[in-house]
Amino acid sequence: MGSIRAGVFLGDGSHDIREWSSPDPPDGGALLQVEACGLCCSDLAQLEGDTASVASSSYPVVPGHEVVGRVAALGRGSDALAIREGDRVCVNTVRRCGICGPCRSGRWCEDIVVYGYMPISRNPGLWGGYGEQMVVESNTHLIRATESVSAEEMTLFEPLANAVNWVEKAGVRPGMRVVIQGPGHQGLCVQSAVHAAGALQVIVTGKANDGLRLETARLLGAHATIDVDVEDPVERVRELTDGQMADIVFDIATGAETVPLALRLVRQWGRILVAGYKHSGPIAGFETDVLVDSGIDLLSGTGSTHESMETAVSLIESGKVDTKALLGEVFTLERFDEAVGLLARRLPDRDAVRVVLQHR
Ligand SMILES: [Zn+2]
Ligand SMILES: [Zn+2]
């Protein structure tokens with residue numbers, strides 16, 4: 001029985017590292033040796049004790065929902081998972097039972113399990129990718145992944161699966177002009193999916209402290225980036241689109257001010273898709289009359305689907321996503337503090353397009 005370490009959030013802004021004995025795989029499920037786990041902005045809300053989101057967390061918790069792992073052991077009766085010991089798999093964060101009424105009609109499962117959000121009080125406690133090992137239950141959607149991309153890069157499948165879902169929902173087609181507000185790793189994944197969908201023009205906006213992220217957006221093929229602290233985004237988008245404005249605006253920023261701004265960046269009959277939590281309550285200055293006057297469709301981006309997960313993994317495997325540019329910085333648990341500090345942008349003069357934990 002080996003000693004398994006895991007990063008743990010306590011729910012009051014603090015975190016530590018705890019040890020477990022290696023658990024047995026549950027019946028119908030599996031035990032994974034986690035290879036790598038991407039850190040996400042929503043992990044920060046979780047760190048601070050936020051319980052308002054759909055996957056409201058109880059504490060203490062082993063977080064981490066962008067997980068790539070290797071199958072270490074299979075539980076009894078786990079044939080339905082369609083995996084073998086030694087396989088590298090990407091974990092679909094959301095486990096649905098597949099048989100309840102809401103599941104069958106495509107709504108949230110009555111017995112939903114969201115990996116990275118279940119407290120350690122639920123046995124065996126290792127439910128997230130911040131742990132060196134993690135258990136998954138029956139009915140978990142696991143996608144077998146190639147060995148030709150590193151596990152750290154492969155963790156991008158999770159935000160990319162969201163992106164693929166949202167880009168499809170918003171209806172990005174070849175020839176369209178798209179603005180993406182917010183150049184965090186989720187915004188940059190949306191950008192990658194928008195390029196893959198064949199958009200004509202892609203403009204990414206950010207703030208003065210987003211220099212590295214906007215540079216990455218250009219590296220990924222953005223036709224232009226806008227620092228909204230320096231330039232007027234409305235004027236600049238007008239200029240860049242020859243007065244057409246954007247067919248679709250993705251608001252992936254964490255601040256609230258980008259929501260009313262999106263109304264001014266989109267064309268008549270255009271679409272706005274808002275994704276990611278604002279953690280800021282009601283949004284001031286959002287005029288629904290503009291939506292109505294201009295026939296603008298307002299859409300929400302909520303997670304991924306079974307299909308978008310599969311698509312994201314194959315997009316990465318096909319080499320169509322620049323996973324090197326999007327990788328960011330990789331840390332082991334020895335530098336957990338630093339990883340969380342960098343994610344929270346609390347380290348002076350440092351930034352990363354993404355932060356990834358790697359387990360050995
Ligand atoms: Zn995430
Ligand atoms: Zn269900």
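Rules used in this analysis
- Residues numbered from 1 in each chain as written.
- Chains lettered and ligands numbered in written order.
- Predicted model: local features only at pLDDT ≥ 70, side-chain atom pairs only at ≥ 80, totals over all residues.
- Helix = DSSP H or I, 4+ residues; strand = E, 2+ residues; numbered from the N terminus.
- Rg over C-alpha atoms; globule rule 2.2 N^0.38 Å.
- Contact = placed C-beta atoms within 7 Å.
- Pairing = 2+ DSSP bridges.
- Right-handed = clockwise from strand over helix to strand, strands pointing away.
- Axes fitted to C-alpha atoms, helices over the stretch in contact; angles between N-to-C directions.
- Parallel < 35°, antiparallel > 145°, perpendicular 65-115°, else oblique.
- Left-handed = near helix turned anticlockwise from the far one by under 90°.
- Buried ≥ 20, exposed ≤ 12 C-beta atoms within 10 Å, placed from the backbone.
- Arc of directions from axis to C-beta.
- Domains from an automatic or database assignment.
- Nonpolar A, V, L, I, M, F, W, Y, C, P; charged D, E, K, R; others polar.
- Core = buried A, V, L, I, M, F, W, Y, C linked by C-beta atoms within 7 Å.

(A) Expanded view of the overall build of the chain. Scanning the chain from terminus to terminus reveals twelve helices and 17 strands. Its C-alpha radius of gyration of 20 Å places the chain within 12% of the 21 Å reference for a compact globule of 360 residues. C-alpha extents for the chain along the principal axes are approximately 65 × 45 × 40 Å. Of all intrachain contacts in the chain linking residues separated by at least 6 positions in sequence, the fraction that spans at least 24 positions is 71%.

(B) Representation of the pairing of strand 17 (residues 355-358) in the model. Sheet topology places strand 3 (residues 30-39) next to strand 17; four bridges connect them, and they run antiparallel. What sits directly across from Cys 37, in strand 17, is Leu 357. By the bridge criterion, three bridges tie strand 16 (residues 329-331) to strand 17 in an arrangement that is parallel. Counted as the bridge partner of Glu 329 is Val 355 from strand 17. Traced from strand 16 through helix 12 (residues 336-343) to strand 17, the parallel crossover comes out right-handed.

(C) The arrangement of the packing of helix 7 (residues 233-240) against helix 8 (residues 258-265) in detail. Packing of helix 7 against helix 8 leaves a shortest axis separation of 10 Å and a crossing angle of 30 degrees. Considered as vectors, helix 7 and helix 8 are oriented roughly parallel to each other. Our pair here, helix 7 against helix 8, has a crossing hand that is right-handed. Residues Pro 233, Val 234 and Val 237 of helix 7 form the contact with helix 8, whose participating residues are Leu 261, Arg 264 and Leu 265.

(D) Region of the structure containing helix 6 (residues 211-219). Looking only at helix 6, the buried set comprises Arg 213, Leu 214, Thr 216 and Ala 217. Relative to the axis of helix 6, the buried residues are bounded by an arc of 155 degrees and lie together on one face. Contacts made by the buried residues of helix 6 are with helix 5 (185-196), strand 11 (201-206), strand 12 (224-227) and helix 11 (323-326). Following helix 6 by one or two positions, Gly 221 has its phi on the positive side, about 115 degrees.

(E) Summary view of the domain arrangement of the chain. Each domain of the chain was delimited in the assignment, giving domain 1 (3-156 + 327-358) and domain 2 (163-301). Just the C-alpha atoms count here: the centres of domain 1 and domain 2 sit 29 Å apart. At the junction of the two partners, domain 1 supplies ten residues and domain 2 supplies ten residues. By residue class, the composition of the side of domain 1 that touches domain 2 is four nonpolar, three polar and three charged.

(F) Focus on the nonpolar core. One finds Leu 160, Val 178, Val 190, Phe 250 and Ile 316 to be the most contacted residues of the largest nonpolar core, which totals 106 residues. When residues of this core are assigned to their parent elements, the largest contribution, eight residues, is made by helix 4 (residues 157-170). Taken domain by domain, the makeup of this core includes at least three residues from each of domain 1 (3-156 + 327-358) and domain 2 (163-301). Setting aside anything within four residues of it in sequence, one finds Leu 160 in contact with Cys 189, Ser 192, Ala 193, Ala 312, Leu 315, Ile 316 and Val 321.

(G) Representation of the packing of helix 4 against helix 5. Contact geometry for helix 4 and helix 5: axes closest at 8 Å, N-to-C directions at 55 degrees. As far as their axial angle goes, helix 5 and helix 4 are oblique. Seen along the crossing, helix 4 lies across helix 5 with a hand that is right-handed. Together, Pro 159, Leu 160, Asn 162, Ala 163, Val 164, Trp 166 and Val 167 of helix 4 and His 185, Gln 186, Cys 189, Val 190, Ser 192, Ala 193 and Val 194 of helix 5 make up the contact between the two elements. Of the residues belonging to the contact of helix 4 with helix 5, the class tally is ten nonpolar, four polar and no charged.

(H) The pairing of strand 11, seen in detail. Where burial is concerned, most of strand 11 is hidden: six out of the six residues are buried. Burial of the side chains of strand 11 extends over both faces: Gln 201, Ile 203 and Thr 205 are buried on one face and Val 202, Val 204 and Gly 206 on the other. Here five bridges tie strand 10 (residues 177-181) to strand 11, and the two strands are oriented parallel to one another. Looking across to strand 11, one finds that Val 178 is bridged to Val 202. With helix 5 bridging strand 10 and the parallel strand 11, this β-α-β connection has right-handed handedness. Where strand 11 meets strand 12, four bridges bridge the pair, whose relative direction is parallel. Paired with Val 204 across the two strands is Thr 225, which belongs to strand 12. The parallel pair strand 11 and strand 12 is bridged by helix 6, and the resulting crossover is right-handed.

(I) Representation of the environment of Leu 327. Mapping Leu 327 onto the fold places it in the loop between helix 11 and strand 16. The class of Leu 327 is buried, set by 20 C-beta atoms lying within 10 Å. With 108 residues separating them in the primary sequence, Leu 327 and Leu 219 have C-alpha atoms 13 Å apart. In this view, Leu 327 contacts Glu 152, Glu 153, Arg 354 and Val 356; residues no more than four positions away in its chain are not counted.

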